[in-house]
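Residues per chain, in single letters:
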Amino acid sequence: MSLFDHTEKPIGLASDHAGYRVKQFVARVLEERGIPLRDFGTYSEESCDYPDFAHPLAHAVEEGVCYPGVASCGTGTGISIALNKHQGVRAALCWTPEVAFLARAHNDANVLVLPGRLLGEEKIYEILVMFLNTPFEGGRHGRRVSKIPCR
Ligand code: RB5
């Protein structure tokens, strides 16, 4: 499976301590393929608070500095909740490649969230590749996505 041909904007990364290993794994995969990234932390496995890293990544995605984002915490739940407080962010917690496919094709997700404590590297890789390689289908899904922001 090939990784998508992405060079335009850096991919934004963020995690807490429980997602740190997954974030480092994703960073390694991207770096090995020459894909630019920007790492918003955390930078070690020392205990920390996921919103401190979710919000800077969310701002970068909303402002168009990074696209897409990849984030991780222990379950993926806390960091997803924090990311999705931002109107311009559609963060999708994905645990299988099929969920990642649908998050891109139907929801135009702009941040992939991975559970740091629940999946092995092989599955993380498959999900990452699927997310990065799947385009948004648009059409009826575009209408639905356009109704998501709260006014
Ligand atoms: C940290 O222990 C853990 O609570 C956090 O990573 C995340 O799973 C919260 O949703």
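In what follows, the structure referred to is the one given above.
Overview of the structure. Quick caveat: nothing in here was measured; it's all calculated off a predicted structure. (Residues numbered from 1 in each chain as written. Predicted model: local features only at pLDDT ≥ 70, side-chain atom pairs only at ≥ 80, totals over all residues. Heavy atoms only, no water.)

## Remarks on the packing of aromatic side chains
Within this structure, the stated rule accounts for 0 aromatic pairs. Sitting over the ring of Phe-131, Arg-104 keeps its end group 5.9 Å from the ring centre. (Phe/Tyr/Trp six-rings, centres within 6.5 Å; stacked < 30°, edge-to-face > 60°. Lys NZ or Arg CZ within 6 Å of the ring centre and 35° of its normal.)

## Brief notes about the pairing of strand β5 (residues 111-115)
Along β5, 5 of the 5 residues are buried, which leaves the element largely enclosed by surrounding structure. What you see with β5 is no split at all: Val-111, Val-113 and Pro-115 on one side and Leu-112 and Leu-114 on the other are buried throughout. Note: strand β3 (residues 69-73) against β5, 5 bridges, orientation parallel. Its bridge partner lying in β5, Cys-73 is registered against Pro-115. In this sheet, β5 lies alongside strand β4 (residues 91-93) in parallel orientation, the contact comprising 3 bridges. Bridged to Ala-92 within β5 is Leu-112. (Buried < 20%, exposed > 50% of the residue type's maximum accessible area, 1.4 Å probe, protein only. Helix = DSSP H or I, 4+ residues; strand = E, 2+ residues; numbered from the N terminus. Pairing = 2+ DSSP bridges.)

## A short note on the nonpolar core
In this structure, Val-26, Val-70, Leu-112 and Leu-114 are the most contacted members of the largest nonpolar core, which totals 22 residues. By residue number, the principal contributor to this core is helix α1 (residues 20-32), which donates 6 residues. If we skip the residues at most four places from it in the chain, Leu-114 touches Val-22, Val-26, Val-70, Ala-71, Ser-72, Cys-73, Gly-76, Leu-93, Cys-94, Ile-124 and Ile-127. The next biggest cluster of nonpolar side chains, apart from the first, holds 19 residues, and it includes Ala-54, Leu-57, Val-89 and Val-111. (Core = buried A, V, L, I, M, F, W, Y, C linked by side-chain atoms within 4.5 Å. Contact = heavy atoms within 4.5 Å.)

## Structural notes on the site of the ligand
Taken together, Asp-16, His-17, Ala-18, Tyr-50, Cys-73, Gly-74, Thr-75, Gly-78 and Arg-117 are the residues near the ligand. In this structure, an oxygen atom belonging to the ligand sits 3.0 Å away from a main-chain N or O atom of Thr-75. Backbone polar atom of Gly-78 to an oxygen atom of the ligand: 2.9 Å apart, as the coordinates give it. Calculation on the ligand without its partners gives an accessible area of 290 Å², and the protein chains cover 68% of this total. (Near = heavy atom within 4 Å. Polar contact = N/O pair within 3.5 Å; in protein donor to acceptor, adjacent residues only side chain to side chain. Areas by Shrake-Rupley, 256 points an atom, 1.4 Å probe, with all protein chains shown as cover.)

## As for the sheet that holds β3
Read from one edge of the open sheet, 5 strands run β2-β1-β3-β5-β4, paired in parallel fashion. Of all the strands in the sheet, just β2 (37-39) and β4 have a single pairing partner and so form its edges. With strand direction ignored, the average angle separating the axes of adjacent strands in the sheet is 20 degrees. (Axes fitted to C-alpha atoms, helices over the stretch in contact; angles between N-to-C directions.)

## Considering the side chain of Thr-42
You can see Thr-42 is positioned in the loop between β2 and α2 (51-62). Since its relative accessible area comes to 7%, Thr-42 is described here as buried.

## Considering the packing of helix α4 (residues 97-105) against helix α5 (residues 121-133)
Orientation of α4 relative to α5, taken along the N-to-C sense of each, is 20 degrees, at an axis distance of 8 Å. Taken together, the axes of α4 and α5 lie roughly parallel to each other. Seen along the crossing, α4 lies across α5 with a hand that is right-handed. In contact with Pro-97, Ala-100, Phe-101 and Arg-104 of α4, α5 contributes Lys-123, Glu-126, Ile-127, Met-130 and Phe-131. Taken together, the residues of the contact of α4 with α5 sort by class into 6 nonpolar, no polar and 3 charged. (Parallel < 35°, antiparallel > 145°, perpendicular 65-115°, else oblique. Left-handed = near helix turned anticlockwise from the far one by under 90°. Nonpolar A, V, L, I, M, F, W, Y, C, P; charged D, E, K, R; others polar.)

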